[in-house]
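Each chain is listed here by its residues.
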Amino acid sequence: MSSAYTQVLDRTFGHPRGLLGRIGGAVMAAGNAATERHVVHVARLTPGETVLVIGPGPGVGLATAAGEGRTVIGVDPSEEMLALSHGRCPEAELRLGTAERTGQPDESVDVVLSVNNVQLWEDRAAGFAELRRVLRPGGRLVLSAHERWLPVPRHELAAEVTAAGFTDLQTWTWDPPGFGSTAAELRAVRP
Ligand SMILES: C[S@@+](CC[C@H](N)C(=O)[O-])C[C@H]1O[C@@H](n2cnc3c(N)ncnc32)[C@H](O)[C@@H]1O
């Protein structure tokens, strides 16, 4: 794959910026919507919970998680994606940040959701440690990524989550309806 092609892909989907990023946002909003909604379903949110969405991109998961008195927070390093998230979910608290640096206080959220961004984290150990830090005891982590883009095999990712101090780990794959690619997913609890 040429480096120019890789750069275009990164600017469109990985670290969306400018016009390409906005086009990528529209493509992701359509193509990944079923997975974003599925992850919210897996998280079994209850009324009044605080939900942190890592890398919300265009904001489909944020909008799905909102309602029933819940606080929804989105952290993404892309200003373009935060703008799209705001358009789709105006009630969300949104800030620039990453999985490794969420800007969230200790033990302040009940649920963390991450869809299609773990492959972009620069330091996964730091990212999982950060997500454990911000979750309250008993809080849940639900993560999903296109299986073909996983940075390491699913069982290795699960081992990294366990090493970060999570328990009750479950992993599985999920095929979205239509032509979407298979997602590798995991759920874990912050003890
Ligand atoms: C492929 S898009 C996925 C967006 C959306 N969750 C979806 O599935 O359609 C990746 C998103 O992760 C964000 N991102 C990139 N690096 C990140 C990091 N280190 N931590 C959190 N989000 C990151 C990007 O800005 C982008 O919004």
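Each remark here, short or long, concerns the structure printed above.
It should be emphasised that the depicted structure is a prediction, and the values quoted were computed from it without experimental measurement.

Caption draft 1: View of the environment of Ala159. Residue placement: Ala159 occurs in helix α7 (residues 154-163). Relative accessible area serves as the criterion here: at 44%, Ala159 is assigned to the partly exposed category. Placed 144 residues apart in sequence, Ala159 and His15 show a C-alpha to C-alpha distance of 26 Å.

Caption draft 2: Inspection of the sheet that holds strand β6 (residues 167-174) at higher detail. Strands sit in the order β3-β2-β1-β4-β5-β7-β6 across an open sheet of 7 strands; the sheet is mixed. Two strands lie at the open edges of the sheet, namely β3 (93-96) and β6, each paired on one side alone. Pairwise comparison of adjacent strand axes, ignoring direction, gives a mean angle of 15 degrees for this sheet. Helix-sheet contacts for helix α5 (residues 79-88) involve β2 (71-76) and β3, and the interaxial angle to β3 is about 175 degrees.

Caption draft 3: Structural context of helix α6 (residues 124-134). For α6, every residue scored as buried is listed here: Arg124, Gly127, Phe128, Glu130, Leu131 and Val134. Looking down the long axis of α6, one finds its buried residues gathered within 155 degrees of arc, a one-sided arrangement. Against β1 (50-54), β4 (109-115), β5 (135-146) and α7 lie the buried residues of α6. Between the side-chain oxygen of the N-cap and the backbone nitrogen of Ala125 there are 3.3 Å, and the N-cap of α6 in question is Asp123.

Caption draft 4: Quick peek at the packing of helix α2 (residues 18-31) against α5. Between α2 and α5, whose axes approach to 9 Å, the crossing angle comes to 45 degrees. In terms of their interaxial angle, α2 and α5 are classed as oblique. Where α2 crosses over α5, the two elements pack in a sense that is right-handed. Taken together, the residues of α5 that come into contact with α2 (itself represented by Gly18, Gly21, Arg22, Gly25, Met28 and Ala29) are Glu80, Met81, Leu84 and Arg88.

Calculation rules
Residues numbered from 1 in each chain as written. Predicted model: local features only at pLDDT ≥ 70, side-chain atom pairs only at ≥ 80, totals over all residues. Heavy atoms only, no water. Helix = DSSP H or I, 4+ residues; strand = E, 2+ residues; numbered from the N terminus. Buried < 20%, exposed > 50% of the residue type's maximum accessible area, 1.4 Å probe, protein only. Pairing = 2+ DSSP bridges. Axes fitted to C-alpha atoms, helices over the stretch in contact; angles between N-to-C directions. Contact = heavy atoms within 4.5 Å. Arc of directions from axis to C-beta. Polar contact = N/O pair within 3.5 Å; in protein donor to acceptor, adjacent residues only side chain to side chain. Parallel < 35°, antiparallel > 145°, perpendicular 65-115°, else oblique. Left-handed = near helix turned anticlockwise from the far one by under 90°.

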